[in-house]
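# Working through the structure, step by step
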Amino acid sequence: MVKEILILGNPLLRETSAEISDFNDADFKRETADLKDTLEDFRRKKGFGRGIAAPQIGVPKRIIALNLGQGTFVLVNPEITWKSDETFVLWDDCMSFPDLYAKVRRSSSISLTYQDETGTHREWEHLGRAESELLQHETDHLQGILAIDRVLDKKDIIYKTEFEKNRRMKRFSIA
């Protein structure tokens with residue numbers, strides 16, 4: 001079932017998520033399905049969206065749904081195990097603050113461990129920049145951390161419409 005995506009200011013977005021231990025639990029199965037349905041609904045309506053974390057639909061559990069173009073799948077209990085020293089800066093956005101960008105610095109590559117929906121342990125090593133950025137963003141949600149908490153400067157939170165109007169200005173570049 002498609003769930004409402006919580007918006008910046010909702011205190012549930014600031015909670016630390018609980019680990020999943022029972023992969024046969026009916027609530028876990030329903031919440032996982034809801035998370036995937038919500039991501040797919042967002043993608044259908046907006047034409048974009050690669051990931052969503054369970055806290056964004058009010059479920060304080062360590063579950064992330066992703067769709068990287070090959071269908072939707074989940075990562076359960078993800079843990080970043082390595083981050084590259086190399087970093088990059090980007091204007092990050094989020095389904096929980098859909099009208100804003102936040103300029104943040106992320107590691108260029110990460111590795112992580114997680115479990116799939118059946119509880120099988122998996123590793124994903126030395127991810128590319130796009131996947132690394134996304135998973136740093138989504139795992140932050142599991143800790144109650146939002147991209148706006150990681151801005152480089154307090155002036156680096158802007159409305160998307162202003163960004164688009166002024167994108168040629170040096171201030172909006174990421175170089």
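Residues numbered from 1 in each chain as written. Predicted model: local features only at pLDDT ≥ 70, side-chain atom pairs only at ≥ 80, totals over all residues. Heavy atoms only, no water.

### As for the pairing of strand β6 (residues 110–115)
Across the six residues that make up β6, a large majority, five, are buried. Strand direction decides the pairing type here: strand β3 (residues 72–83) and β6, joined by five bridges, are antiparallel. The residue bridging Val 76 from the neighbouring strand is Gln 115, located in β6. Connecting β6 to the next strand, strand β7 (residues 121–124), in antiparallel fashion are five residues, including Gly 119 with a positive phi near 95°. (Buried < 20%, exposed > 50% of the residue type's maximum accessible area, 1.4 Å probe, protein only. Helix = DSSP H or I, 4+ residues; strand = E, 2+ residues; numbered from the N terminus. Pairing = 2+ DSSP bridges.)

### Some details on helix α1 (residues 26–46)
Over its 21 residues, α1 runs 30 Å from end to end, which matches the ideal 30 Å to within 8%, given 1.5 Å per residue. Among the residues of α1, those classed as buried are Phe 28, Glu 31, Thr 32, Asp 34, Leu 35, Thr 38, Leu 39, Asp 41 and Phe 42. Of the residues that open α1, the one with a side-chain oxygen 3.1 Å from the backbone nitrogen of Asp 27 is Asp 25. Within two residues after α1, Gly 47 carries a phi angle of roughly 80°, on the positive side. (Expected span 1.5 Å × (residues − 1). Polar contact = N/O pair within 3.5 Å; in protein donor to acceptor, adjacent residues only side chain to side chain.)

### Remarks on the packing of aromatic side chains
Considering all chains together, one arrives at six aromatic pairs under this definition. Taken together through their ring pairs, the aromatic side chains of Phe 73, Tyr 114 and Trp 124 make up a single cluster. (Phe/Tyr/Trp six-rings, centres within 6.5 Å; stacked < 30°, edge-to-face > 60°.)

### Regarding the sheet that holds strand β8 (residues 157–159)
One open sheet accounts for three strands, arranged β4-β5-β8; its pairing is antiparallel. Both edges of this open sheet fall to β4 (87–94) and β8, since each of them pairs with a single strand only. Across the sheet, the mean angle separating the axes of adjacent strands is 25° when strand polarity is ignored. Relative to the sheet, helix α2 (residues 129–142) contacts β4 and β5 (97–107), its axis offset from that of β4 by approximately 55°. (Axes fitted to C-alpha atoms, helices over the stretch in contact; angles between N-to-C directions. Contact = heavy atoms within 4.5 Å.)

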